[in-house]
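Chain residues, written in single-letter form:
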Amino acid sequence: MLKLQIEAEKLCALLRQHNYQCLKQPRRLSWTIQKNGNSYTLTWLPEPVTDWNLLPHDTTPTYQTLWNLIQSTLNILRGKNLPNPVQSNIPALNRPWAIVRLLPNEQRYTIARFYNRQDAEDYIRVLNRSIPAARFEITFDVSADLS
């Protein structure tokens with residue numbers, strides 16, 4: 001936990017150099033990152049993701065710029081190239097239980113996938129404790145890799 005805290009503080013120091021505001025959330029391994037009216041939450045997601053994640057996920061250039069900055073910094077801090085935590089080598093068909101975050105305008109973002117429902121329920125409890133303002137839902141989805 002201390003290693004993650006130090007890693008996040010280094011990330012925030014770099015983000016502040018790029019004119020981002022980085023505010024630690026109390027009693028959580030999460031930071032609110034703001035710039036020009038845009039707000040994101042940098043949080044550590046445990047198994048099965050086990051990496052930093054930036055919420056909410058979207059496709060805006062602001063998000064992409066911030067995420068690329070975070071990834072490049074993590075690569076430097078860890079001294080290696082890291083895969084994108086959103087991508088996985090395991091096909092989604094093998095993990096049909098998904099946790100989705102409910103976003104505005106009836107959008108959904110898949111947070112993680114699981115082999116069984118019990119693992120998904122356990123993980124959603126962790127998410128609800130670490131990000132209480134967000135809404136999550138468990139779905140059974142085998143169609144993601146069929147197309």
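Shown above is the structure to which this text applies.
No experiment lies behind these values; they were computed from the predicted model shown.

Participant: Honestly, helix α3 (residues 117-130) in this entry has me stumped. Any pointers?
Facilitator: Residues that lie three or four places apart on an α-helix share one face, since the helix turns once every 3.6 residues. Over its 14 residues, α3 runs 20 Å from end to end, which matches the ideal 20 Å to within 8%, given 1.5 Å per residue. In the core, the buried residues of α3 are packed alongside β2 (30-35), β3 (38-45), β5 (97-103), β6 (107-114) and β7 (135-140). Its side-chain oxygen 3.3 Å from the backbone nitrogen of Q118, N116 forms the N-cap of α3.

Participant: Can you walk me through the sheet that holds strand β1 (residues 21-24) in this structure?
Facilitator: Through backbone hydrogen bonds, the strands of a sheet pair up, either in parallel or in antiparallel fashion. As summarised here, the arrangement of the 4 strands in space is β1-β2-β3-β4, forming an open sheet in which the pairing is antiparallel. The sheet terminates laterally at β1 and β4 (51-55), the two strands that pair on one side only. Sheet twist, expressed as the mean angle between neighbouring strand axes with direction ignored, is 25°. Of the pairings in the sheet, the one linking β3 to β4 comprises 5 bridges and is antiparallel in character. Its bridge partner being in β4, L42 is matched across the sheet by L54. Strands β2, β3 and β4 of the sheet are contacted by helix α2 (residues 61-78), whose axis makes an angle of about 165° with β4.

Participant: In this structure, what is going on with the sheet that holds β5? I would like to understand it.
Facilitator: As summarised here, the arrangement of the 3 strands in space is β6-β5-β7, forming an open sheet in which the pairing is antiparallel. Among the strands making up the open sheet, the edge pair consists of β6 and β7. Between one strand axis and the next, the sheet turns through 30° on average, direction left out of account. Two strands pair when backbone bridges link them, and β5 and β6 are joined in this way by 7 bridges, in the antiparallel orientation. Counted as the bridge partner of L102 is R108 from β6. Along the sheet face, α3 touches β5, β6 and β7 and points at about 170° away from the line of β7.

Cut-offs and rules
- Residues numbered from 1 in each chain as written.
- Predicted model: local features only at pLDDT ≥ 70, side-chain atom pairs only at ≥ 80, totals over all residues.
- Heavy atoms only, no water.
- Helix = DSSP H or I, 4+ residues; strand = E, 2+ residues; numbered from the N terminus.
- Expected span 1.5 Å × (residues − 1).
- Contact = heavy atoms within 4.5 Å.
- Polar contact = N/O pair within 3.5 Å; in protein donor to acceptor, adjacent residues only side chain to side chain.
- Pairing = 2+ DSSP bridges.
- Axes fitted to C-alpha atoms, helices over the stretch in contact; angles between N-to-C directions.

Any functional reading would require information beyond the geometric quantities listed.
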